[in-house]
Amino acid sequence: MTSPSTTPSASEPESSEPDFEVAIIGAGFGGLGAAIELRRAGIDSFVILDKNSDIGGTWHANTYPGVAVDIPSVYYSFSYAAPRTWSRLFAPGGEVKSYADQLADTYRLRSHLRLNTRVNGASWDQHSHRWRIDTEHDSFTARFVIGAVGGLEVPRMPDIPGVDEFAGKVVHTARWDHDYDYHGKRIAVIGTGATALQLIPELAEQAAWLTVFQRTPIWVMPKPDFRIDRGVKQALDLVPGLRRLVRLGVMATFDAGVSTAGVFYRTTSPVIGLSGRMIKRWYGTQVRDPELRAKLTPDYALGCKRPSVSNRYLRAFTRSHVDLVTDPIEKITASAVVTGDGTEHEIDVLVCATGFKVMESGATPPFPIHGRDGIELGEFWQQHRFQAYQGVSVPGFPNFFLITGPYGFAAASYLAMIECTARHARRAITAAHDRGATAVEIRQQPHDRYWRKSLERHRQALWLNNDCESSNTYYINTHHDVAAIRPSTHFGMWWGNKHFPLDDYRYTGVHATRG
């Protein structure tokens, strides 16, 4: 298949300069992190596109009650830029959004923004070594493109008969309606993932009756949250090396408890099993009713789905006006959710805490991207499985880099990953500049070597193990691959993106090949 925009017009000479050196698609932390790396490389000709009216990505879209990070903020931030506003160990969503604003102001990024601009597609012009980006408003060219559309971008609505016929209020957690009054309403929540875990205790404070429909229970751990007073923050900001030391400690804890444990499951499974039994004992202190506790307790291994932390979630179900329903939903009518046992649960509000489409057709990427010879990236991934070198580059797509690509995220902090993959993109772009090249493309052999290693490691890891069979985890896609996770430690992710051989890429000019 050939894109109609892969050939230049007769009035457009091959040597003409692009409108921008780099186009960044997405103004969340991925796009901001990529722009900062370009600044550091001395590249000022770039534009940041986003369909939303403001920056922040996930943290602009998700404003539901209780939204907060579920890892310590010292790790959910860039190592080179400490958050100025930080009131708790686990920062609330508003403070994370403020951190995005801080980055945009500190690194003078706002003049590069094009907000309220939806990208309709991008296509590579092999003749002039430029990308053409088509938006809802216009089209322009760029030498390089950095795709910084996050993994949590396209909301997933429940695929339930009758959901479109419900006559009451319907809201997805990523599109929260703050103008609606939820107090005193009969509210239903579909989903019990990491988002619902934060939202349900808040809704329990407002609803006259709250019904939670659970397909698969989630692992929940105690949340060691506390206020960060001024003295602690001043010490972290002023004592040389203290913040970095604390950050390294948190990183090492997550590396051992999340990344290493999951990747090397055949070795760590006894430790994971022991951790699960200890957490189940804690469940007993939160929910005394054994029947209710059994419904809330996972029967799959810890880590198969993203675990989270809360001191309120489990206890919310012990309240007299909160009902946990585990019978499958059969349909939704104009006024009720009907379960398989025939019960009609009358409701006023339907809350869809059903997450996002991750590594799925039409969502990753959310618009067509045509590379060399007109190959479309989404179709390529659907036909040949999701794959990318270091989670960043795909053969056949010169001058195109991903921030949250397949096999790029070593499970822990998204911002830590962004820092690594954005640095990778900067290294490749500056290497092309240093060589006088106008195109840089990952070679097939190193790409395939990285992909094979990822697949081999996943065969030994937690997620494809039988212990995850009942988890319904979104980590496993339709190809039965765990493409959302890089099977390595944080250190492996950092080292791989910082020290990959530059010769793993091929450098070419419009009229000549280099390297």
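All residue numbers refer to positions counted from 1 along the written sequence of the respective chain. For a predicted model such as this one, the threshold for reporting local features is a pLDDT of at least 70, and the threshold for listing and counting side-chain atom pairs is 80 or more; totals across whole chains, interfaces and linings nevertheless cover every residue. Only hydrogens and water are set aside when side-chain values are computed; all heavy atoms of the structure are taken into account.

Caption draft 1: Quick look at the overall build of the protein chain. Helix numbering and strand numbering both begin at the N terminus, where a helix is a DSSP run of H or I of at least 4 residues and a strand a DSSP run of E of at least 2. Looking only at helices and strands, one finds 13 helices and 21 strands in the protein chain. Relative to the globule expectation of 24 Å for 515 residues, the C-alpha radius of gyration of the protein chain, 24 Å, shows essentially globular dimensions. By its C-alpha atoms, the protein chain is 75 × 55 × 45 Å across when sized along the principal axes. In the protein chain, which comprises 515 residues, the share counted as buried stands at 56%. Here, residues are in contact when the closest pair of their heavy atoms is within 4.5 Å. In the protein chain, once contacts between residues fewer than 6 apart in sequence are set aside, the share between residues at least 24 apart is 73%. All accessibility values rest on the Shrake-Rupley procedure with a 1.4 Å probe; residue burial counts only the protein chains present in the view. Working note: accessible area of the protein chain is about 21,800 Å², and carbon and sulfur atoms make up 50% of it. Values of the radius of gyration come from C-alpha atoms, whereas the globule rule sets the reference at 2.2 Å times the count of residues to the power 0.38. In this scheme, a residue with accessible area under 20% of its type's maximum is buried, one over 50% is exposed, and one in between is partly exposed, where area comes from a 1.4 Å probe on protein chains only.

Caption draft 2: Quick peek at the sheet that holds strand β15 (residues 344–346). Think of it this way: DSSP has to see at least two bridges between two strands before they count as a pair. Strands sit in the order β13-β14-β15 across an open sheet of three strands; the sheet is antiparallel. At either end of the open sheet lies a strand with only one pairing partner, and these are β13 (329–332) and β15. For this sheet the average axis-to-axis angle between neighbouring strands, irrespective of direction, equals 25 degrees. In this sheet, β15 lies alongside strand β14 (residues 336–339) in antiparallel orientation, the contact comprising three bridges. Note on β15: the bridge partner recorded for Ala-336 is Glu-346. Inter-axis angles, ranging from 0 to 180 degrees, are taken between N-to-C directions of lines fitted to C-alpha atoms, where helices are fitted over the stretch in contact.

Caption draft 3: Structural view of the side chain of Lys-223. Inspection of the secondary structure puts Lys-223 in the loop between β10 (220–221) and α5 (230–238). For the purpose of counting charges, residues Lys and Arg are taken to be positive, whereas Asp and Glu are taken to be negative. His and the chain ends are not included. One side-chain nitrogen of Lys or Arg within 4 Å of one carboxyl oxygen of Asp or Glu is enough to make a salt bridge. An unpaired buried charge is present at Lys-223: no salt bridge exists, and Asp-225, the closest side chain of opposite charge, is 4.3 Å distant. If we ignore the near neighbours within four places in the chain, the residues touching Lys-223 are Ala-68, Val-69, Phe-90, Val-309, Ser-310 and Asn-311.

Caption draft 4: Molecular detail of the nonpolar core. If you look at the biggest cluster of nonpolar residues, it comprises 150 residues, and the most contacted ones within it are Ile-24, Phe-29, Ile-133, Leu-210 and Phe-401. Tallying contributions element by element places helix α11 (residues 414–434) first for this core, with eleven residues. Residues in contact with Ile-24, not counting those within four places in the same chain, are Gly-31, Ala-34, Ala-35, Leu-38, Phe-46, Val-47, Ile-48, Leu-49, Ile-146 and Ala-148. The nonpolar core is taken to be a set of buried Ala, Val, Leu, Ile, Met, Phe, Trp, Tyr and Cys residues, with the residues joined through side-chain atoms within 4.5 Å. Counting residues in hydrophobic clusters, the runner-up holds twelve residues, among them Val-163, Phe-166, Val-337 and Cys-352.

Caption draft 5: Just unusual backbone geometry, in detail. Even without glycine at this site, His-129 takes up a positive phi of about 55 degrees. Tracing the backbone through its elements, the reader meets His-129 in the loop between β4 (119–125) and β5 (130–135). On the basis of relative accessibility, which here comes to 3%, the residue His-129 falls in the buried class. Residue Asn-472 is not a glycine yet carries a positive backbone phi of 50 degrees.

Caption draft 6: Region of interest: the pattern of salt bridges. Following the criterion strictly, the structure yields 23 salt bridges and no others. Across the salt bridge formed by Lys-233 and Asp-237, the nearest N and O atoms sit 2.9 Å from each other. Within this pair, Lys-233 and its partner Asp-237 are both found in helix α5, separated by four residues, close to a single helical turn. Judged by relative accessible area, Lys-233 falls into the buried class, the value being 16%. A salt bridge links Asp-373 to Arg-372; its shortest N-O distance comes to 3.9 Å. The exposure class of Asp-373 is exposed, given its relative accessible area of 62%. By relative accessible area, which is 27% here, Arg-372 ends up partly exposed. Taken together, the shared-partner salt bridges in this structure form one network comprising Asp-54, Lys-97, Asp-101, Asp-105 and Arg-110.

Caption draft 7: Structural detail: the environment of Gly-492. Mapped onto the secondary structure, Gly-492 falls in helix α13 (residues 490–499). Its relative accessible area of 23% is what places Gly-492 among the partly exposed residues. As for Gly-492 and Ala-410, which are separated by 82 residues in sequence, their C-alpha atoms are 8.4 Å apart.

Caption draft 8: The arrangement of the state of the cysteines in detail. Here, the term disulfide refers to a pair of cysteine sulfur atoms separated by no more than 2.5 Å. Counted by the stated rule, this structure contains one disulfide. Across the disulfide, Cys-304 is cross-linked to Cys-468 (sulfur-sulfur distance 1.9 Å). Handedness of the Cys-304-Cys-468 disulfide follows from its S-S torsion of about -85 degrees: it is left-handed. Here Cys-304, found in the loop between α8 (290–296) and β11 (308–309), pairs with Cys-468, found in the loop between α12 (444–460) and α13; they are 164 residues apart in sequence, far enough to count as distant.

Caption draft 9: Main features of helix α7 (residues 265–286). Of all the bends in α7, the greatest measures close to 30 degrees and is centred on Val-271. Taken residue by residue, α7 has Tyr-265, Thr-268, Ile-272, Gly-276, Ile-279, Trp-282, Tyr-283, Gly-284 and Gln-286 as its buried positions. Those residues of α7 hidden inside the fold are in contact with β10, α6 (242–263), α8, α9 (313–316) and α12. Here the bend at a residue is taken as the angle between two axes, fitted respectively to the seven residues that end there and the seven that start there.

Caption draft 10: Looking closely at helix α10 (residues 377–384). Within α10 the residues assigned to the buried category are Leu-377, Gly-378, Phe-380 and Trp-381. On an axial view of α10, the arc spanned by its buried residues comes to 160 degrees, and they lie on one face. Buried residues belonging to α10 abut β17 (369–370) and β18 (400–402). Polar contact criterion, stated in full: a pair of N or O atoms within 3.5 Å, where within protein one must be able to donate a hydrogen and the other to accept it, and residues adjacent in sequence count only if both atoms are side-chain atoms. In this structure Glu-376 caps α10, since a side-chain oxygen of it lies 3.0 Å from the backbone nitrogen of Gly-378. Following α10 by one or two positions, Arg-385 has its phi on the positive side, about 80 degrees. Directions from the helix axis toward the C-beta atoms define the arc.

Caption draft 11: Structural view of the packing of helix α1 (residues 29–40) against helix α3 (residues 93–106). Two elements in contact, α1 and α3, have axes separated by 10 Å at closest approach and are oriented at 25 degrees. The angle between the axes of α1 and α3 places the two elements in the roughly parallel class. For the pair α1 and α3, the sense of crossing is left-handed. In this structure, α1 uses Phe-29, Leu-32 and Ile-36 to contact α3, whose residues at the interface are Val-96, Tyr-99, Ala-100 and Leu-103. Three categories are distinguished: nonpolar for Ala, Val, Leu, Ile, Met, Phe, Trp, Tyr, Cys and Pro, charged for Asp, Glu, Lys and Arg, and polar for the others, with Gly belonging to the last. Looking at the contact of α1 with α3, its residues break down into seven nonpolar, no polar and no charged. Roughly parallel covers angles under 35 degrees, roughly antiparallel covers those over 145, roughly perpendicular covers 65 to 115, and oblique covers all other angles. Crossings are sorted by hand: turned counterclockwise from the far helix by less than a right angle, the near helix makes the crossing left-handed, and turned clockwise it makes it right-handed.

Keep in mind these numbers describe shape, not what the thing actually does.
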